[in-house]
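# Summary of the model geometry
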Amino acid sequence: ISQVKQLNSAIKKLADDQSIFFKDYGHLMVEKDGSISTAIMADFLHPTAQGYQRWADAMQPDIERLLTNK
């Protein structure tokens, strides 16, 4: 997971919060102990329906804010 955090840190620097945005939702896909539940990612790579729902629920307010410029 540290490699993912390092990569996200590098990618985040590209964001200008005007036309390029970065939001890390990764914490939503791991359990408190850092493991990945098979209920969220059955193959530990691709989200399940439950994983996609968790991701969509987290993104919805951000997308709405961007679309309404609030």
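So, here's what we can say about the structure. The structure presented is a predicted model; accordingly, all values stated were derived computationally and were not measured.

Quick look at the overall build of the chain now. Helix and strand counts for the chain stand at 2 helices and 0 strands. Here the C-alpha coordinates of the chain stretch approximately 35 × 25 × 20 Å along the principal axes. Per-residue burial over the chain gives 13% buried out of 70 residues. Long-range contacts, defined as pairs at least 24 residues apart, comprise 27% of the intrachain contacts of the chain with a sequence gap of at least 6.

Before going further, it helps to spend a moment on the pattern of salt bridges. One pass over the structure, following the stated rule, counts 2 salt bridges. Note that Asp62 is salt-bridged to Lys23, the shortest N-O span being 3.7 Å. Taken as a pair, Asp62 in helix H2 (residues 49-68) and Lys23 in the loop between helix H1 (2-12) and H2 lie far apart in primary sequence, 39 residues in all. Using a relative accessible area of 15% as the deciding quantity, one classes Asp62 as buried. For Lys23, a relative accessible area of 48% gives the class partly exposed. Two residues, Asp62 and Arg65, come together in a salt bridge whose shortest N-O distance is 2.3 Å. Note that Asp62 and Arg65 are positioned in helix H2 at a spacing of 3 residues, about one turn of the helix. Linked through salt bridges whose partners overlap, the residues forming this network are Lys23, Asp62 and Arg65.

All told, the structure shown has 1 aromatic pair when counted by the stated rule. Seen in terms of ring centroids, Tyr52 and Trp55 are 5.9 Å apart; in terms of plane orientation they differ by 20°. Their pairing is stacked. Here the residue Tyr52 and the residue Trp55 both occupy positions in helix H2, the gap between them amounting to 3 residues, near one helical turn.

Turning next to the side chain of Asn8. By secondary structure assignment, the location of Asn8 is in helix H1. Apart from the residues within four sequence positions on either side, Asn8 is in contact with Phe22 and Asp24.

For the rest of this paragraph, the subject is unusual backbone geometry. Even without glycine at this site, Asp17 takes up a positive phi of about 55°. Counting through the fold element by element, Asp17 comes out in the loop between H1 and H2.

Parameters at a glance
- Residues numbered from 1 in each chain as written.
- Predicted model: local features only at pLDDT ≥ 70, side-chain atom pairs only at ≥ 80, totals over all residues.
- Heavy atoms only, no water.
- Helix = DSSP H or I, 4+ residues; strand = E, 2+ residues; numbered from the N terminus.
- Buried < 20%, exposed > 50% of the residue type's maximum accessible area, 1.4 Å probe, protein only.
- Contact = heavy atoms within 4.5 Å.
- Salt bridge = Lys/Arg side-chain N within 4 Å of Asp/Glu carboxyl O.
- Phe/Tyr/Trp six-rings, centres within 6.5 Å; stacked < 30°, edge-to-face > 60°.

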